[in-house]
Amino acid sequence: MANTPKNNGALYKQLKKVIESKKDLREPLIEILREAQEIFGYLPREVQEFIAEEMKIPVGRIYGVVTFYNFFSMEPRGKHIVNVCTGTACYVKGAPRLIQQLEEILQIKMGETTEDGLFTLTSVRCVGACSLAPVFVIGEDTYGRIETRDQLIKVLEEYRK
Ligand code: FES
């Protein structure tokens, strides 16, 4: 589960150290935001404000970067991110149907997180496994050509253990 940033001094301390160590890099912001997301699990407004203050830059600039890149999230995310490829090959080979099945099984819509905090459903561009289309990725694992709903349920079950 994502950590709750409010009143969590230890996490802010950790983030402060990251900012200190990176702020003199040429383009530090993306790297700092990436580490901040690892620390907190996501990038809520208050974390963005903290970074802005520490780096002495407008919070709007941070918000712009966070909303531009889809690997940053302003909402708490699940333990496992189910990334469905919506690149051309996967789209043609059935990504929309795969998304629909995942939405039904997980009972969430694209971009949402299951109530138990286990899964977040998102989309990505081509992950370089087009021959396996349609493809989805969970963590380091890539799954392709899953034909049936039962197979899909079986894959997800592995992550519930
Ligand atoms: S389009 Fe999906 S892996 Fe290439």
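Scroll up a little and you will see the structure.
Residues numbered from 1 in each chain as written. Predicted model: local features only at pLDDT ≥ 70, side-chain atom pairs only at ≥ 80, totals over all residues. Heavy atoms only, no water.

This brings us to helix α6 (residues 95–106). Its twelve residues give α6 an end-to-end C-alpha distance of 16 Å, which sits within 8% of 16 Å, the value for a rise of 1.5 Å per residue. Along α6, the positions that sit buried rather than exposed are Ala95, Leu98, Ile99, Gln101, Leu102, Glu103, Ile105 and Leu106. Backbone geometry just after α6 places Gln107 at a positive phi near 60°. (Helix = DSSP H or I, 4+ residues; strand = E, 2+ residues; numbered from the N terminus. Expected span 1.5 Å × (residues − 1). Buried < 20%, exposed > 50% of the residue type's maximum accessible area, 1.4 Å probe, protein only.)

Another point: empty space enclosed by the protein. In the structure shown here, the tally under the stated rule is one cavity of 30 Å³ or more. There is about 40 Å³ of room inside the largest cavity. Every residue lining the largest cavity is listed: Lys93, Gly94, Arg97, Leu98, Gln101, Pro134, Ile146 and Glu147. For the lining of the largest cavity, the class distribution of residues is three nonpolar, two polar and three charged. (1 Å grid on protein atoms, 1.4 Å probe; cavity = no way out; pocket = protein on both sides within 12 Å on 5 of 7 lines; lining within 4 Å. Points joined across faces, edges and corners; volume = space filled by probe spheres on them. Nonpolar A, V, L, I, M, F, W, Y, C, P; charged D, E, K, R; others polar.)

On to the pairing of strand β4 (residues 141–144), then. Of the strand pairs in this sheet, strand β3 (residues 135–138) and β4 are connected by four bridges, and their pairing is antiparallel. Of the residues in β4, the one forming a bridge with Val135 is Gly144. Counting the residues between successive antiparallel strands, the hairpin from β3 to β4 contains two residues, one of them, Gly139, with a positive phi of roughly 60°. (Pairing = 2+ DSSP bridges.)

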